[in-house]
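Structural characterization, general
What follows is each chain in one-letter form.
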Amino acid sequence: MITSKRLAAGVCALLAALTAGLAFPAGAAAGEPTGQDAPKVDLVLDVSGSMRARDIDGRSRMAAAKQAFNEVLDATPEEVELGIRTLGANYPGDDRKTGCKDTAQLYPVGPLDRTEAKTAVATLTPTGWTPIGPALLKAADDLEGGDGSKRIVLISDGEDTCAPLDPCEVAREIAAKGIGLTIDTLGLVPTAELSRQLSCIAEATGGTYTSVQHQDELTDRVNELVDRAADPVVTPVATRGAAECAGAPTLKSGLYSDREGFGQQRWYRVDVPPGKELRASVSVAADRAVNPGYGVLLRAVTAKGREIVRGEAAGTGRTDVISTGLRYPKAGSDEEDAPAEGVCLAVSHSFSAASGVKSSPGLPLELTVDVVDGPDRAADVAAFGLGRGWWLLGVLILTGFLAGLVWGWLSRWRVAVWRTN
């Protein structure tokens, strides 16, 4: 499944940008990091009864997790607001309904008091159930507000025990909110089923999954993920495309996220002034099982419905992220106050859901839009999508024509010789 991203996440956006040859503008725009709010991290720790098992370097899983947390708390960057949430830490009974509500904020997300946080971690004892889905929903609430990066780091040694609230579906719902939240998962001595579940959770939000079997691996990986939260990131701006060009939202230069259902088409509008060039790219990611053989199509269309240029790409199932892009230069004008041209971008894909897989919400997509200074000669950059390829096409046509004449002459000469002899 997807590995993100940001739909996806960082990898998805990078692929999109490379596909269209984009260069982000220097000024702040939609989708760029603003740096206004501190990055937030919520560490979600499984404290269910199975954490008593002593199979991590001769120690219990709980003891290894506690030591890792203590070292991570010491190394957490000052600018990161960190919190700790538990699941299965308080209810030791057999009532499933009660056990599946057992998630609590051990330390609130905010400026870190290392001593207080370590004291809270020291009190933990392996206790109850494994309500991963409910814990993720609460962790997303813990991180609400602000425009800084948001990251959940989930550490568990077992699968969720509170179905039908599927934690993978919960992660998809969180991703569909467009709040720029990434979930990374770590499996302690994982089984095949746990690896599958934790991978699915991570991939739904463009996060990562890591299998951990040793103390130092756990500490190093959690430290790395907390540090990553402090790095500047580009967070897509959530938008919602229209079903037709007339009702499409107008986008400025930036990075945008949306969801597109199977068999649907999304429309967006960009105003392109004379002498400017529109550069756009789109990436669509499969965050669930899909049938092999699919493609993505991005079209630039005038307000009257005429297609200007298109970009398309096809996949065969080897990757769950597929990207394409296009460029459209708007010719300059001698008029000083010439109006901008409203160009509609239409996005469609041919993914299809595998048997038994839910079709909603739609697949995550990321759209990159940039309006830059146009080239001196628009025809040199894009002409029906071929750009300078028109010269090559003309040479190939001429070469083919001349080759046909020569071959026809040789064939007639050989036939004439054969008849003479």
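Described in the following lines is the structure provided in the data block.

Focus on the environment of Leu136
Considering the arrangement of structural elements, one finds Leu136 in helix H5 (residues 132-142). The class of Leu136 is buried, set by a relative accessible area of 0%. Taking the C-alpha atoms as reference points, Leu136 and Ile183, 47 residues apart in sequence, are found 8.9 Å from one another.

A few points about the environment of Ser350
Within the secondary structure layout, Ser350 lies in the loop between strand S16 (341-349) and strand S17 (363-373). Owing to a relative accessible area of 42%, Ser350 belongs among the partly exposed residues under this scheme. In this structure, the C-alpha to C-alpha distance between Ser350 and Phe262, residues 88 residues apart in sequence, is 7.3 Å. Among residues more than four places away in sequence, those in contact with Ser350 are Gly293, Tyr294 and Gly295. Of the polar contacts made by the side chain of Ser350, one reaches the backbone nitrogen of Gly295; its length is 2.6 Å.

A closer look at helix H8 (residues 215-230)
Since the α-helix advances by 3.6 residues per turn, residues separated by three or four positions end up pointing in the same direction. Helix length check: H8 (16 residues) gives 24 Å between terminal C-alpha atoms against 22 Å at 1.5 Å per residue, within 8%. When we look at burial in H8, the residues that qualify are Gln215, Leu218, Thr219, Arg221, Val222, Asn223, Leu225, Val226 and Ala229.

Brief notes about the state of the cysteines
Disulfides are covalent bonds that link the sulfur atoms of two cysteine residues. Across all of its chains, the model carries three disulfides by this definition. Between the sulfur atoms of Cys100 and its disulfide partner Cys162 the distance amounts to 2.0 Å. Linking Cys100 and Cys162, the disulfide has an S-S dihedral of approximately -100° and is accordingly described as left-handed. Of this pair, Cys100 sits in the loop between helix H3 (96-99) and strand S5 (103-110) while Cys162 sits in the loop between strand S6 (150-156) and helix H6 (167-176), and the two are 62 residues apart along the sequence. The exposure class assigned to Cys100 is buried, which follows from its relative accessible area of 13%.

Quick word on helix H2 (residues 61-75)
Over its 15 residues, H2 runs 21 Å from end to end, which matches the ideal 21 Å to within 8%, given 1.5 Å per residue. Arg61, Met62, Ala64, Ala65, Ala68, Phe69, Val72 and Leu73 are the residues of H2 that are buried. Across the axial projection of H2, the buried residues extend over an arc of 165°, all falling on one side.

Brief notes about the nonpolar core
One finds Leu43, Leu45, Ile155, Leu186, Leu218, Val222 and Val226 to be the most contacted residues of the largest nonpolar core, which totals 31 residues. If you tally residues by element for this core, the top one is H2, at seven residues.

Structural notes on a nonpolar patch on the surface
Together, Val406, Trp407, Trp409, Leu410 and Trp413 give the surface a local cluster of nonpolar side chains, amounting to about 620 Å² of exposed area. The residue Trp409 is located in helix H9 (residues 389-420) in this model.

A word on the environment of Val44
Summarising the element assignment, Val44 is placed in strand S1 (residues 40-46). As a C-alpha pair, Val44 and Ala139 span 95 residues in sequence and 7.5 Å in three-dimensional space. Aside from chain neighbours lying at most four places away, what touches Val44 is Arg85, Leu87, Ala135, Ala139, Ile152, Val153, Leu154 and Ile155.

Some details on the sheet that holds strand S4 (residues 81-87)
With respect to topology, six strands assemble into an open sheet ordered S5-S4-S1-S6-S7-S8, the strand pairing being mixed. Every interior strand has two partners, whereas the edge strands, S5 and strand S8 (209-212), have only one. On average, each strand axis in the sheet is inclined to that of its neighbour by 15°, with strand direction left out of account. Bridge count between S1 and S4: seven bridges; the pairing is parallel. Bridge pairing in S4 links Val44 to Arg85. Each of S1, S4, S6 and strand S7 (181-188) touches H2; the most contacted strand, S1, lies at about 165° to it.

Thresholds applied
Residues numbered from 1 in each chain as written. Predicted model: local features only at pLDDT ≥ 70, side-chain atom pairs only at ≥ 80, totals over all residues. Heavy atoms only, no water. Helix = DSSP H or I, 4+ residues; strand = E, 2+ residues; numbered from the N terminus. Buried < 20%, exposed > 50% of the residue type's maximum accessible area, 1.4 Å probe, protein only. Contact = heavy atoms within 4.5 Å. Polar contact = N/O pair within 3.5 Å; in protein donor to acceptor, adjacent residues only side chain to side chain. Expected span 1.5 Å × (residues − 1). Disulfide = S-S within 2.5 Å. Arc of directions from axis to C-beta. Core = buried A, V, L, I, M, F, W, Y, C linked by side-chain atoms within 4.5 Å. Patch = residues over 30% accessible without salt bridge, like charges linked within 9 Å, V, L, I, M, F, W, Y side chains within 5 Å. Areas by Shrake-Rupley, 256 points an atom, 1.4 Å probe, with all protein chains shown as cover. Salt bridge = Lys/Arg side-chain N within 4 Å of Asp/Glu carboxyl O. Pairing = 2+ DSSP bridges. Axes fitted to C-alpha atoms, helices over the stretch in contact; angles between N-to-C directions.

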